Amino acid sequence: MSSELVDLRGRMRRFIDDEVVAAEPVFFEQQERTGFAGAAVLEPLRAAAKAKGLWALGHPKEIGGGGLSFMDFVYLNEIIGRSELGQLAVGSVSMQDSIMLHRYGSEEHRQRWLRPLVAGEIFPSVGLTEPEVAGSDPTLMRATAHFDGDDIVVNAHKWFTTGANSAAFTTVFAETDPDATAHRRFSAIIVPTDSPGYEIVRVIPTMGHTGGGHCEIRLTDVRVPSTNLLGGRGEGFVIAQHRLGPGRIFHCMRWLGQAQRAFELMCARATTRYAHGSLLSEKGEIQRYVAESAAEIQSHRLMTLDAARRMDTGDDARIEIALIKFHGATMLHNVIDRAIQVHGALGVSGDTPLERMYREARYARLYDGPDEVHRASVARRLLKDPGSAPWA
């Protein structure tokens, strides 16, 4: 890392630990009632991030962001991830959608959606997963869109459209060309959430709460201008993959921030809690928890940085990204689980952040592709060509 990046990480760490983490309890309470866009505590944090030069640092400069290189922003995500609120506080929550619009959007898209998105004035959402079919196989999507003069008419039933209840638009993936090959049948369409026929059916309760804004939506004969087509017709899968690839690396680096925070809490508890004649830190089983957690965090960190390096240099990183996706999800769960165990009953109470972190960690094995799909993908590629292994 350059000295400038080291300094930036230090400033980000102080902001996340001193201001963002401190705001978590109030934010989560407000988020549950109003959705994240309505959480009043969020706006002062966003204003502070902008004043400190920490806002939207990974977004390209030409669209109003900080213009950090891909690798520099990967390193920064490790710090942002220390708080679940971090992405919202520093504006990086919109990065995947902003890059998608920057790469595939028209000038009209950039002016209407992209610039306010980077500025934090609006929020995005994406409609991919459907309740009737397996989300891990997007070729099964049933959403349809047909062209009618100068309009596109969209019919869709989506769920886990995260943030739709706070978003200005949803990028809906729908079948536009049923006679094309499986991966050319679908297109991406920008649908404003205030369009007639756009309905938020419910915010789906997950792991005991609705604060995540995971929405079920229904679009019934929603009519939008044909200029709302994102990219070319039939390019939906290409757009989705270009959005998901770097996103998985960003997820994995943020998971490191969560795991490191859980690790620190575990060590602090072990060195202060006395039981059965000694501190917990003096007991062999607890020492095993600490050592195994450190090894898992560091191995995942190095694997993730290696995947990021390959992507940054333009090399094929599909194996590396799939590896870190399922390995990182397991690492995150294991480290938080051990931290809870060291805290005992306190660890499953709301008096520490661990119980919420644990619930959020369970999602990691599902979103952006379930573990089983990524493992199968890695195995197929390596069995076909063992020489494509990361160490080869």
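Data block above holds the structure.
## Looking at the overall build of the protein chain
Next up, step 1: When its secondary structure is counted, the protein chain shows eleven helices and ten strands.
Next up, step 2: The C-alpha radius of gyration of the protein chain comes to 22 Å, within 12% of the 21 Å expected for a compact globule of 392 residues.
Next up, step 3: Taken across its 392 residues, the protein chain has 52% of its residues classed as buried.
Next up, step 4: If you take every contact in the protein chain between residues at least 6 apart in sequence, the share linking residues at least 24 apart comes to 72%.
Next up, step 5: Working note: accessible area of the protein chain is about 17100 Å², and carbon and sulfur atoms make up 54% of it.

## Remarks on the packing of helix H8 (residues 284–312) against helix H9 (residues 318–343)
Next up, step 1: The interhelical angle for the contact between H8 and H9, taken along N-to-C directions, is 155°, at an axis separation of 9 Å. By the angle class used here, H8 and H9 are roughly antiparallel. In this structure, the crossing between H8 and H9 has a hand that is left-handed.
Next up, step 2: Split into classes, the residues belonging to the contact of H8 with H9 amount to twelve nonpolar, eight polar and six charged.

## A look at the pairing of strand S7 (residues 214–225)
Next up, step 1: Here strand S3 (residues 151–162) pairs with S7 via nine bridges, running antiparallel. Bridge pairing links Ile-152 to Val-224 in S7.
Next up, step 2: When strand S6 (residues 198–203) meets S7, the two strands line up antiparallel, connected through five bridges. Each residue of the ladder has a partner; that of Arg-202, found in S7, is Glu-216.

## Section: the environment of Tyr-358
Next up, step 1: Among the structural elements, Tyr-358 can be located in helix H10 (residues 354–363).
Next up, step 2: In this structure, Tyr-358 is in contact with His-333, Ile-336, Asp-337 and Ile-340, ignoring residues within four places of it in sequence.
Next up, step 3: In this structure the side chain of Tyr-358 is engaged in a polar contact, spanning 3.2 Å, whose partner is the side chain of His-333.

## Thoughts on the nonpolar core
Next up, step 1: One finds Met-12 and Phe-15 to be the most contacted residues of the largest nonpolar core, which totals 87 residues.
Next up, step 2: With 13 residues, the single largest contributor to this core is helix H7 (residues 236–270).
Next up, step 3: Those residues in contact with Met-12, other than ones at most four positions away along the chain, are Leu-54, Leu-57, Leu-76, Ile-79, Ile-80 and Val-90.
Next up, step 4: In terms of nonpolar packing, the next biggest core, distinct from the first, is built from 17 residues, Ala-145, Val-191, Cys-215 and Leu-229 among them.

Criteria and thresholds
Residues numbered from 1 in each chain as written. Predicted model: local features only at pLDDT ≥ 70, side-chain atom pairs only at ≥ 80, totals over all residues. Heavy atoms only, no water. Helix = DSSP H or I, 4+ residues; strand = E, 2+ residues; numbered from the N terminus. Rg over C-alpha atoms; globule rule 2.2 N^0.38 Å. Buried < 20%, exposed > 50% of the residue type's maximum accessible area, 1.4 Å probe, protein only. Contact = heavy atoms within 4.5 Å. Areas by Shrake-Rupley, 256 points an atom, 1.4 Å probe, with all protein chains shown as cover. Axes fitted to C-alpha atoms, helices over the stretch in contact; angles between N-to-C directions. Parallel < 35°, antiparallel > 145°, perpendicular 65-115°, else oblique. Left-handed = near helix turned anticlockwise from the far one by under 90°. Nonpolar A, V, L, I, M, F, W, Y, C, P; charged D, E, K, R; others polar. Pairing = 2+ DSSP bridges. Polar contact = N/O pair within 3.5 Å; in protein donor to acceptor, adjacent residues only side chain to side chain. Core = buried A, V, L, I, M, F, W, Y, C linked by side-chain atoms within 4.5 Å.

Read these as layout, nothing more, since geometry by itself doesn't imply function.
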